[in-house]
Amino acid sequence: MPKGIFPEGILPKGFGFWSLAFLVALFMPLVVGGIGFISDSALLMVYLGINLMWILVLGTAGIYSFATLAIVGASGYAAAYLSVRHGLSWPLMLVIGLLVGAGLGVLIAVPAIRLRGIYFALFTFGLAELFRSYTTVTDALGGAPGLYGAGTFVPADKIGTETGALIGYYGAALLVVASLVVYRLVDGGRLGLLLRTARESEPFAKALGVDVVRARLTVFVVSSGMLGLIGALQVCLYRGISPSAFRFDTLLLLFAMIVVGGLASARGVVIGTVVLFFISQHYLDAGPMRFVAAAVIMLAVTLLTTHGLAGVPAQIRAWRDRRAASSATSLSLDQPLHGLAKERS
Amino acid sequence: MTIVVTTIVLASIYSLVAIGISLTWAGLGFLNLAHGVIFAVAGYGAWLTAEHLSEGPVAVILAGMLVGALAGVFVCVVVFLPLDGRPNAEIRTLMGTLALSFLGVNLLQEIFGPQPKALPSIFEWGNFEIGNAVVTADRSGAVVTAVAVLSLVVFALLRSRVGLGVRVLTQDPEGAALVGVNRRTTALAILAVSGALAGLASVLLAQVFYVSPEAGYTPLVKGLIVAMLGGLGSVPGTIAAAVLVAACEALTSTYLGGQYVLITLFVLIAVVLLIRPRGLGGLLETARA
């Protein structure tokens, strides 16, 4: 039974899926067009980048961190503040985003060493709310309306046009490619192996001589740095930021995307993000009922699949193997007629 | 004195919500994110009763608790029972309750519309004063009812057969199975009781605020905070945490202003969790990570 479209061993695993995804990402905005669609696609790219970095922590390292949006937003705020108040140019904004993100990553990772599982989740859940209320009440950060007028990589004469939106989209898409590379390097490399060992059994990892604290700190800093970069890029896209960057619903939506797609695989993240993004945006002409539809899909996916949508092929394969195994021993499922007919006659 | 009164009122309502979350997590190992929707659904149940059946205080409170309990059982039957013991159950139940929560809020919007509904006032024995603080009827009523029902639940936990089962489950799921505690029926009982408590909290809170589809959101977040701060599974810890959180809120909104509540609350959480990583109760040091 071949496992994919292509015979195994000739092309790298997942080649078909990823080349299709890249082609769609490259040409879809050009083909469909329209500022609305292109800027929505750019937002989808931002979500994809965030989710890819999130599963490094949530999936590979197995740390229940919900600090994602807090890091993205805070780095975005740092970049926007320096740009609006001190005229920082956009390449420096991206650098600032990266640095602030990485710095926050260290700060958030320190309690992760002491707190476990659900308690760390609570701790990080609070962070986004903390930042949201802090930015709302701080006048220097623009208060509730937020900070606007930040620098951007879109040329000044193209802002507000379709070309400008396209430039923004490709900028965001480039960052997703970078996130994919980082994901692959960390998850597929030595660090990923160490983190998975520590996730499955911390005492065992320690007994092997794995420096668990250092491995977790590293993954936090790497993913948070990338998240900070994404935050700064988001500021470039929208030319500003407001406290709504820390919205709780967005965090839950992103989490739902990850889990629907299947935790701990880049492919799952892509599938889940695209599916839920499509439902949650205004493409479906179903009014408020589309949220009900999204909820039903989420419920169905959680009840029926063990590892999200991306795990469905493996689940079907396992089920088929089990069936084949049981029919081989009892002769009852695959060829019931032959077996029974002979016995009866 | 006002601060003390506010603290007591908030603490009693938070305890009602948080104990359900806490018991569900400790006993069954799943975090019920649909708790907020149960809260909202119970509020609507009480509102429907008040509109169509009777405005009597007992009827409204009982309707809220009953609808809450039914909603809890529904969550249990739809999400917990099919997934319990399956691969990846922990994250899938979390996800399933999150989905139910989306579903519930949006269905409530569809059915009842976004306008908030007001419940009739239940407690009508008038206001009185303690020191310089005026205690309104709804506040004193909330405290009295909450304390009475909570004592009942604690008594049931300590004395009844099912309560014993719940306590065994929170301490050791395998041991519970060995001594013949039925996990599934106990799960139904836990969720029914948590739902009823949330329903009661919903009716009590609706005396001050209104019933609306999103009414359950804040109680859910506060409930989660209190439950974890208290140490999941520990009833005394939860009540202590409820008092602590309520005091923090009352003090902050009096001296700093309402918009700073979340900030001070977060600092409080950080400090408590760094000193006691398993919460105040700290019961689950080894049982569950």
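The model shown is predicted, which means the values in this text are computed figures rather than measured ones. (Residues numbered from 1 in each chain as written. Chains lettered and ligands numbered in written order. Predicted model: local features only at pLDDT ≥ 70, side-chain atom pairs only at ≥ 80, totals over all residues.)

(A) Highlighting the overall build of chain A. Within chain A one finds 14 helices and two strands. Taken over 345 residues, chain A has a buried fraction of 46%. Nonlocal contacts in chain A, meaning residues at least 24 apart in sequence, comprise 74% of its contacts between residues at least 6 apart. (Helix = DSSP H or I, 4+ residues; strand = E, 2+ residues; numbered from the N terminus. Buried ≥ 20, exposed ≤ 12 C-beta atoms within 10 Å, placed from the backbone. Contact = placed C-beta atoms within 7 Å.)

(B) Structural view of the overall build of chain B. Within chain B, the secondary structure is distributed over 11 helices and two strands. Secondary structure elements in chain B, listed N-terminal to C-terminal, are α-α-α-α-β-β-α-α-α-α-α-α-α. The C-alpha radius of gyration of chain B comes to 18 Å, within 12% of the 19 Å expected for a compact globule of 289 residues. Counting only C-alpha atoms and orienting by the principal axes, one finds that chain B spans roughly 55 × 45 × 35 Å. In chain B, buried positions account for 52% of the 289 residues. Counted over contacts in chain B with a minimum sequence separation of 6, partners at least 24 positions apart contribute 75%. (Rg over C-alpha atoms; globule rule 2.2 N^0.38 Å.)

(C) Quick peek at helix H8 (residues 183-205) of chain B. For H8 of chain B, spanning 23 residues, the distance from its first C-alpha to its last is 32 Å, which sits close to the expected 33 Å at 1.5 Å a residue. With 19 of 23 residues buried, H8 of chain B is to be regarded as a mostly interior element. (Expected span 1.5 Å × (residues − 1).)

(D) Fine view of the packing of helix H2 (residues 35-60) of chain A against helix H10 (residues 248-261) of chain A. All names here are of chain A. Where H2 meets H10, the closest approach of the two axes is 10 Å, and the angle between their N-to-C directions is 70°. One way to sum up the angle between H2 and H10 is to call them roughly perpendicular. You can see that H2 and H10 cross each other, and the crossing is right-handed. When H2 is examined against H10, the residues Tyr 47, Ile 50, Asn 51, Trp 54, Ile 55 and Leu 58 are found in contact with a partner set consisting of Leu 254, Met 257 and Ile 258. Of the residues contributing to the contact of H2 with H10, the split by class is eight nonpolar, one polar and no charged. (Axes fitted to C-alpha atoms, helices over the stretch in contact; angles between N-to-C directions. Parallel < 35°, antiparallel > 145°, perpendicular 65-115°, else oblique. Left-handed = near helix turned anticlockwise from the far one by under 90°. Nonpolar A, V, L, I, M, F, W, Y, C, P; charged D, E, K, R; others polar.)

(E) View of the environment of Leu 229 of chain A. Residues and elements named next belong to chain A. As for its position among the elements, Leu 229 is in helix H9 (residues 212-238). Among the residues examined, Leu 229 registers 29 C-beta atoms within 10 Å and is labelled buried. Considered as a pair, Leu 229 and Ile 71 are 158 residues apart in the sequence and their alpha carbons are 9.8 Å apart. Apart from the residues within four sequence positions on either side, Leu 229 is in contact with Leu 94, Gly 97, Leu 98, Gly 101 and Leu 175.

(F) Main features of the confidence of the model for chain B. Scored by pLDDT, chain B comes out at a mean of 79, with 93% of its residues at no less than 70. Low pLDDT (under 50) marks residues 284-289 of chain B, which in the prediction has 11 contacts with non-local residues, meaning those over four places away or in another chain. (pLDDT = per-residue confidence, 0-100.)

(G) Spatial organisation of the packing of helix H1 (residues 2-28) of chain B against helix H10 (residues 235-255) of chain B. All names here are of chain B. Contact geometry for H1 and H10: axes closest at 7 Å, N-to-C directions at 140°. Taken together, the axes of H1 and H10 are oblique relative to one another. Considering how the two elements wind past one another, H1 and H10 form a crossing that is right-handed. Of the residues in H10, those touching H1 at Ile 3, Thr 6, Thr 7, Leu 10, Ala 11, Tyr 14, Ser 15, Ala 18, Ile 19 and Ser 22 are Val 235, Thr 238, Ile 239, Ala 242, Val 243, Val 245, Ala 246, Ala 247, Glu 249, Ala 250, Leu 251 and Thr 254. By residue class, the composition of the contact of H1 with H10 is 15 nonpolar, six polar and one charged.

(H) The confidence of the model for chain A, seen in detail. Residue and element names in this part refer to chain A. Of the residues in chain A, 86% have a pLDDT of 70 or more, and the chain-wide mean is 78. Ranking the elements of chain A by mean pLDDT puts helix H14 (residues 336-344) last with 43 and H9 first with 89. Counting contacts from residues 331-345, a segment whose pLDDT is below 50, to residues more than four positions away or on other chains yields seven contacts.

(I) Region of interest: helix H3 (residues 68-86) of chain A. With 19 residues, H3 of chain A should cover 27 Å at 1.5 Å per step; its first-to-last C-alpha distance of 27 Å lies within 8% of that length. After H3 of chain A finishes, the residue Gly 87 of chain A shows a positive phi value of roughly 65°.

(J) Representation of the interface of chain B and chain A in the model. Each partner contributes to the interface: chain B provides 32 residues, whereas chain A provides 32 residues. Counting only elements with at least two residues in the side of chain B that touches chain A, the list comes to helix H3 (57-83), helix H4 (89-112), helix H9 (217-229) and helix H11 (261-275) of chain B. No other element matches H4 of chain B, which puts 13 residues into the side of chain B that touches chain A. Its residues assigned to classes, the side of chain B that touches chain A shows 24 nonpolar, five polar and three charged.

(K) Just the environment of Ile 271 of chain A, in detail. Residues and elements named next belong to chain A. Secondary-structure assignment places Ile 271 in helix H11 (residues 266-280). The spacing of Ile 271 and Val 219 is 52 residues in sequence and 24 Å in space, taken between C-alpha atoms. Excluding residues within four positions of it along the chain, Ile 271 makes contact with Gly 261, Leu 309 and Ala 310.

(L) Quick peek at the nonpolar core. Ala 172 and Val 219 of chain A together with Ile 13, Tyr 14, Ala 201 and Val 245 of chain B are the most contacted members of the largest nonpolar core, which totals 203 residues. Two domains each donate at least three residues to this core, and these are domain 1 (11-246) and domain 2 (247-345) of chain A. With residues up to four places along the chain from it excluded, the contact list for Val 219 of chain A reads Leu 56, Val 57, Ala 61, Val 186, Leu 191 and Leu 195 of chain A. (Core = buried A, V, L, I, M, F, W, Y, C linked by C-beta atoms within 7 Å. Domains from an automatic or database assignment.)

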